[in-house]
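Coordinate inspection notes
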Amino acid sequence: MKKSLNILLSTVVAVLLLAGCAANKAENTGNQASEVTKAAPKEETLKIFIPQPQFKEQYDKFVADFVAKVKAEKNIDVKVQMEMPPNDQAPQILKTRLAANDVPDVFALHAINDLPTYYKAGYVEDLSNQPFVEKILDSVKSAVTIEDKVLAVPLETLNWGYLYNKKIFADLGLEPPATVTEMKAVIETLKKNDITPFQLTYKEVSPPQLFNSLTIGAMVNTDNQDFIDRMNSDKGSYEEIKTELFGIFDLVSANGNDRALEVSPADGAAAFAQGETAMWVMGPWYADTILKSNPDIQIGVAPLPINDNPNATMINMSVSTSLVVATDSKNKELAYDFVNFVLDDNETNDLYKSLKFNPIAKNHTFETYPWVNDALDYIKEGKAYKDPSMPPAVKAEVGKLLQAYYSNSISQDDVISGLDRAWKNANKINN
Amino acid sequence: MRTARLGSSVITIVLSLFAIVSFFPLYVTVLNSFKTEKEMFSSILSLPSTLQIENYSQALQKTQLLSSLGNTVIVSVLGIAGILLFAAMAGYKLSRTPGKLSNFIFFLFIASMLVPFHSIMIPLVKTTKTLSLQGSIYGLAVIYIGLGVNMAIFLFHGFVKSIPRELEESASMDGCGQFRTFTTIILPLLLPITVTVGILKFLWIWNDFLLPLLMIQDTNDYTLILSTNKLFGEYTKEWSLILAALVLTAIPVVIIYAIFQKFIVAGIAEGAVKG
Amino acid sequence: MKNKYLALLAFVAPAFIAYFVMLVIPTLGGFYYSFTDWNGLAKSYHFIGLDNFVEAVTDDPDFIHSISFTLKHVIFMVIAQNVIALLLAILIESQRKMKGFFRTIFFMPNMVSLIISSFIWTFMFSQVLPQLAVKTGWLFLNQEWSGNPKAAFFSIAIVSLWQGVGYMMIIYLAALQGVPQSLREAAIIDGASPVKSLVHITLPMITHAFTICFFLTLNSAFKVFDVVYGLTGGGPGRETQVITLNIFEEAFSNNFRYGYASAKSVLLFAMIMLFTFVQVFVMKKREVEA
């Protein structure tokens, strides 16, 4: 008894002490922002952060070329510290680095989702005067431009809706449908031929979240043009697009593989590649993975219908991975050199081609993949829109809520109210 | 007597069933790490028809396992050495100095064992950055020392109580300095608990995931667990490769376990009883 | 006398400095930020008093959900882990042969790190058990182990138990071995059945082991992170989100509200303190009375 009292008392004292000291600690922490010890002359370090470990080989080669070029032209030995964490862990790692003033000189951001936030917080350098700016295609440039400042060099652009197996479609005489009603007919045909219509990969939050971007993208370009503006000023509600969102999500989910919550996109890519399923609401950024599993598959890209208005069935054009230079970079000249090198006339075609990215610059002349051309055809017809920008926190929320909805844990109304709340919270932070 | 023997064999059977369940996951993991993906999907329980050593050589390349192994060894050795030395000194002196001050310091150490790592991680990153300990495996070792001494002191503190005071008293009468008394008389006597603490800390550092994830940037500085995690994070899920990497990551720990089992077990029991 | 304190300082200083810098300063930092609106990105932040704490308790259904899920996990784990560990310890102790063998087998999973364990079990749940179900006809093995919220609760528990039971078993084994053989034999000679002698003689003599094992299981169950992170990521949705994961999400993937996340981690800290103190206090009291 005495012993336990003893332990109790002393620990309470310890805790009180800890809490009491918190106030004194206050002033110090802020000022401890540190200086990195300067590297010796002619030897420089460049820290680069690109969360795409699947492309390590390609980037390593590119970095080696960059190091050789700097050595030759400026006689500087660059030591490049390349950090490539898995994509899903990247935000928290980057966040931690920034919070700790340990900023990578060059880092990758999602142009639509992340760039505005990071720019507002003052972490992103204005690159408008860099030579590479001239080379970017205008349609892409707008996505990396905020307040008339070009902030990033775009790496990955995405033209997407859903993927489909061209051979299955051709064998059954199917065409990508233009309305939900037509989609239902396609589903029936596929089922009659014992093919699962949709690949579902809800183990991760990003695939279900795609329905949100596609639904909102289509709606703000047709029937509900000020939806996002009103959501941003706390005046809208997901109630307005509930029919479309759940209409398409339920249709797809009801006609897909079992145990979707245990299938990761990587697993799904394999199943889709083997022809087990005919369609997958997913972007061509999984093309590489699919082709690894089955090099002979013919992948097609088509716009996903969300209602019976054929004009709402459009391709989503987005710019994702883009490289920015940190405002706090200690080595800006080298960082500028690096981002310019990405669109270097001699290098850029090899880089983009090896990464299987789309052409984004005037000097990109490499041959593109068939699915890229599919999407380009829609874009040429005007059946495309620019990926709508909304708070990243809302996008993350969509994925989680739709997962829970799919597992029958929550109702449609719960999803709606959850999304409205998430958007309002995001407004609170951003304003 | 007969019922007793019957009871005993029933117990053996029950225990064996438990043992099979417990061992099964490790068994199938090792088993399938030697199969091709195709064979795994068709017959997951059977022995591999041919030993796919390629899984391992591929995993070795993809995870830079050898350099990761080197890093992990450096971090573990430096971290453990620091923890052992510092904690032995502190634990010994705290145990031998009666009074409120030493009690208080001791309880400060112990109380901190309750702090969840998640509540300190960003401030920790900030602090370590200020001290330039970020992004280096040596810095990582230093952080482990700071985070690991509390529990080690607890164990040393308990062990020292069992050493008779007469030994040091006679030594100090011989005119031995305090520090020399410690290194020549006490340290050798602490050997059993030192081995135990060393192994427990080895298991902790070797198996830790979140701290290296936050501290290490360059893939060349990755620890084993980070490299394995990277494999999991990559787009293509190639189970045979991943299983091989899992086995490779776990092997050193199992070897240590096989050699030092007695100490590990003693350490856990020791720590518990002393508490 | 002065000399004594000088010596104390000299011996304790190296450990204390390392501990202070790596553990105390960050802990205090966490407390400090919990009263601010620092969002992890912005370079400035303000004091906002108790706002974060008020919001966490009154206006954050996800946080409340994560608390209730964690509490369920804690209750399940404290009971299951101790019951199984004690059972194994008693059974092994009653064996004459193969004690070492069984101990080795049951303890081995504890050597594998939690994150690796969750990878191994992801393999078990997604590949091995479904095939096993087909081959044996034991259809219950073919569950949505990580996709169905109810099943996922148990998958998390299964992995935690698989990895953690061995540790507790070792402690119980050590305690059982500390009970004098003569006492038990005497009871049996007096005509007590083995079960009776267990309940009335042996168990009361190992109450200190109960205290420490409950303490350890309570603590680790509250802090559970790696297993959930590796197995379900908190999903589907946030159905299996535990407190640590909720904090992690709040700090790093939602709005990066680090101040708010710090407030939640202070609450977690307080909860752990409260529960473990009550537990240790109550059990120590009984220990002394017993």
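Residues numbered from 1 in each chain as written. Chains lettered and ligands numbered in written order. Predicted model: local features only at pLDDT ≥ 70, side-chain atom pairs only at ≥ 80, totals over all residues.

Points about the overall build of chain B
What counts is decided by this rule: The secondary structure listing takes helices from DSSP runs of H or I that are at least 4 residues long and strands from runs of E that are at least 2 residues long, numbered from the N terminus. Both definitions apply: the radius of gyration is a C-alpha atom measure, and the globule rule equals 2.2 Å times residues to the power 0.38. Counting other C-beta atoms within 10 Å of its own, a residue is labelled buried from 20 upward, exposed at 12 or fewer, and partly exposed in the gap between, with every C-beta atom placed from the backbone. Any two residues are considered in contact once their C-beta atoms, placed from the backbone, lie within 7 Å.
Scanning chain B from N- to C-terminus turns up 13 helices and zero strands. Listing every helix and strand of chain B by position from the N terminus yields α-α-α-α-α-α-α-α-α-α-α-α-α. A compact globule built from 275 residues would reach a C-alpha radius of gyration of about 19 Å, whereas chain B, at 23 Å, exceeds it by more than 25%. Referenced to the eigenvectors of the C-alpha coordinate spread, the extents of chain B come out at roughly 75 × 70 × 35 Å. The 275 residues of chain B split such that 52% are buried. Considering only contacts in chain B between residues 6 or more positions apart, those separated by 24 or more positions represent 77%.

Examining the overall build of chain C
Scanning chain C from terminus to terminus reveals twelve helices and zero strands. The order of α-helices and β-strands along chain C, N terminus first, is α-α-α-α-α-α-α-α-α-α-α-α. Judged by the C-alpha coordinates and their principal axes, chain C covers about 75 × 75 × 35 Å. Across the 290 residues in chain C, those meeting the buried criterion constitute 53%. Across chain C, every contact between residues at least 6 apart in sequence was considered, and the portion connecting residues at least 24 apart equals 73%.

Considerations on the sheet that holds strand β1 (residues 43-49) of chain A
All names here are of chain A. Note the cut-off: Here, a strand pair is defined by DSSP locating no fewer than two bridges between the strands.
Pairing within the open sheet is mixed, and its five strands lie in the order β2-β1-β3-β13-β6. In the strand order of this sheet, the two ends are held by β2 (77-83) and β6 (153-154), each with one partner. Here β6 pairs with strand β13 (residues 321-325) via two bridges, running antiparallel. Residue pairing for β13: Pro 154 is matched across the bridge by Ser 322.

Notes on the environment of Ile 168 of chain A
Residue and element names in this part refer to chain A. Looking at the secondary structure, you find Ile 168 in helix α6 (residues 166-171). For Ile 168, a count of 20 C-beta atoms within 10 Å gives the class buried. Ile 168 sits 110 residues away from Ala 278 along the chain, and the two C-alpha atoms are 6.6 Å apart. With residues near it in sequence (within four places) discarded, Ile 168 still touches Ile 195, Gly 275 and Ala 278.

Digging into the confidence of the model for chain B
Inclusion rule: What pLDDT reports is the predictor's confidence in each residue, on a scale of 0 through 100.
This prediction gives chain B a mean pLDDT of 83; 91% of its residues lie at or above 70. Here helix α8 (residues 166-173) of chain B stands out as the element of chain B with the lowest mean pLDDT, 71, in contrast to helix α4 (residues 65-96) of chain B, whose mean of 92 is the highest.

Digging into the packing of helix α7 (residues 181-189) of chain C against helix α8 (residues 194-205) of chain C
All names here are of chain C. Inclusion rule: Where helices are involved, their axes are fitted lines through C-alpha atoms of the stretch in contact, as for all axes, and angles between N-to-C directions lie from 0 to 180°. Every angle not falling under 35 degrees, over 145, or within 65 to 115 is termed oblique; those three ranges are roughly parallel, roughly antiparallel and roughly perpendicular. For a crossing to be left-handed, the near helix must be turned anticlockwise from the far one by less than a right angle; the clockwise case is right-handed.
Where α7 contacts α8, the two axes come as close as 10 Å, and the packing angle between them is 135°. As far as their axial angle goes, α8 and α7 are oblique. Remark: the crossing between α7 and α8 carries right-handed chirality. On α8, the residues that touch Leu 183, Arg 184, Ala 187 and Ile 188 of α7 are Pro 194, Ser 197, Ile 201 and Thr 202.

Let's talk about the sheet that holds strand β14 (residues 384-386) of chain A
Residues and elements named next belong to chain A. Reading across from one edge, β7-β12-β14 is the order of the three strands in this open sheet, with mixed pairing throughout. The sheet is open, and its two edges are formed by β7 (157-160) and β14, each paired on a single side. Neighbour to neighbour, the strand axes of the sheet diverge by 20° on average, direction disregarded. In this fold helix α15 (residues 370-380) packs onto β7, β12 (315-319) and β14, with an angle of close to 110° to the strand it touches most, β12.

Quick look at helix α5 (residues 114-136) of chain C
Counted only if it meets this: Each helix should span, by expectation, one fewer than its residue count multiplied by 1.5 Å. Take the seven residues that end at a residue and the seven that start at it, fit an axis to each, and the angle between those axes is the bend at that residue.
Taking 1.5 Å of rise per residue, 23 residues should cover 33 Å, yet α5 of chain C covers just 29 Å from first to last C-alpha, more than 12% shy of that figure. The sharpest bend along α5 of chain C reaches about 40° and sits at Met 124 of chain C.

So, the nonpolar core
Stated precisely, the cut-off is as follows: Core membership is restricted to buried Ala, Val, Leu, Ile, Met, Phe, Trp, Tyr and Cys residues, and these are joined into a nonpolar core through C-beta atoms within 7 Å.
Judged by nonpolar contacts, the single largest core of 230 residues is most densely connected at Ala 87 and Phe 156 of chain B together with Ala 15, Met 169 and Tyr 172 of chain C. If one sorts the elements of this core by residue count, helix α7 (residues 137-160) of chain B sits on top with 17 residues. When sequence neighbours within four positions are dropped, the list of residues in contact with Met 169 of chain C reads Ala 85, Leu 88, Ala 89, Phe 106 and Phe 107 of chain C. Within the second largest apolar cluster, 72 residues are counted, among which are Leu 200, Trp 280, Leu 304 and Tyr 406 of chain A.

Some thoughts on the packing of α4 of chain B against α7 of chain B
All names here are of chain B. Selection rule: Amino acids are sorted into nonpolar (Ala, Val, Leu, Ile, Met, Phe, Trp, Tyr, Cys and Pro), charged (Asp, Glu, Lys and Arg) and polar (every other residue, Gly among them).
Where α4 meets α7, the closest approach of the two axes is 6 Å, and the angle between their N-to-C directions is 35°. Considering only the axes of α4 and α7, their crossing is right-handed. Taken together, the residues that form the contact of α4 with α7 break down as 21 nonpolar, seven polar and one charged.

Regarding the interface of chain B and chain C
Between chain B and chain C, the residue contacts involve 67 residues of the former and 65 residues of the latter. At the level of secondary structure, the elements contributing two or more residues to the side of chain B that touches chain C comprise α1 (2-32), α4, α5 (100-111), α6 (121-130), α7, α10 (191-207), α12 (224-233) and α13 (239-274) of chain B. Broken down by element, the side of chain B that touches chain C gets its largest block of residues, 14 residues, from α13 of chain B. Considered class by class, the residues forming the side of chain B that touches chain C number 47 nonpolar, 18 polar and two charged.

A look at the pairing of β2 of chain A
All names here are of chain A. The condition that has to hold: Here the term right-handed applies to a crossover when the path leading from its first strand over the helix to its second strand runs clockwise, the strands being oriented away from the viewer.
Here seven bridges tie β1 to β2, and the two strands are oriented parallel to one another. Residue pairing across strands places Ile 48 opposite Met 82, the latter belonging to β2. Where the polypeptide runs from β1 across helix α2 (residues 56-74) and back to β2, its parallel neighbour, the crossover connection is right-handed.

Topic: unusual backbone geometry
One non-glycine residue, Arg 259 of chain A, lies in the positive phi region at around 50°. Relative to the elements of secondary structure, Arg 259 of chain A occurs in the loop between α10 (242-254) and α11 (265-273). You can call Arg 259 of chain A partly exposed: it has 18 C-beta atoms within 10 Å. Here Ser 132 of chain B, not a glycine, exhibits a phi torsion of approximately 55°, which is positive. Residue position: Ser 132 of chain B is located in the loop between α6 and α7. Residue classification places Ser 132 of chain B among the partly exposed residues on the basis of 13 C-beta atoms within 10 Å.

Some points on the environment of Val 67 of chain A
Residue and element names in this part refer to chain A. Note that Val 67 resides in helix α2. Sequence-wise, Val 67 and Tyr 202 are 135 residues apart; in three dimensions their C-alpha atoms are separated by 41 Å. Every residue in contact with Val 67, bar those within four places of it in the chain, is listed here: Val 78 and Val 80.

Notes on the pairing of strand β8 (residues 162-165) of chain A
All names here are of chain A. Side-chain alternation along β8 places Tyr 162 and Tyr 164 on one buried face and Leu 163 and Asn 165 on a second face that is also buried. The pairing of β8 with strand β11 (residues 299-302) spans four bridges and is classified as antiparallel. Residue Tyr 164 lies in a different strand from β11, and its bridge partner there is Gly 300. Across two bridges, the pairing between β8 and strand β10 (residues 277-280) is antiparallel.

What about the confidence of the model for chain C?
Confidence along chain C averages 86 in pLDDT terms, with 96% of residues attaining 70 or more. Scored as a complex, the prediction yields pTM 0.79 and ipTM 0.86.

Observations regarding α11 of chain A
All names here are of chain A. Every buried residue of α11 is accounted for by Pro 265, Gly 268, Ala 269, Ala 270, Phe 272 and Ala 273. Looking at the packing, one finds that the buried side of α11 touches β9 (196-199), α8 (206-220), β10 and α12 (287-293). Where α11 terminates, the next one or two residues include Gly 275, which has phi positive at roughly 80°.

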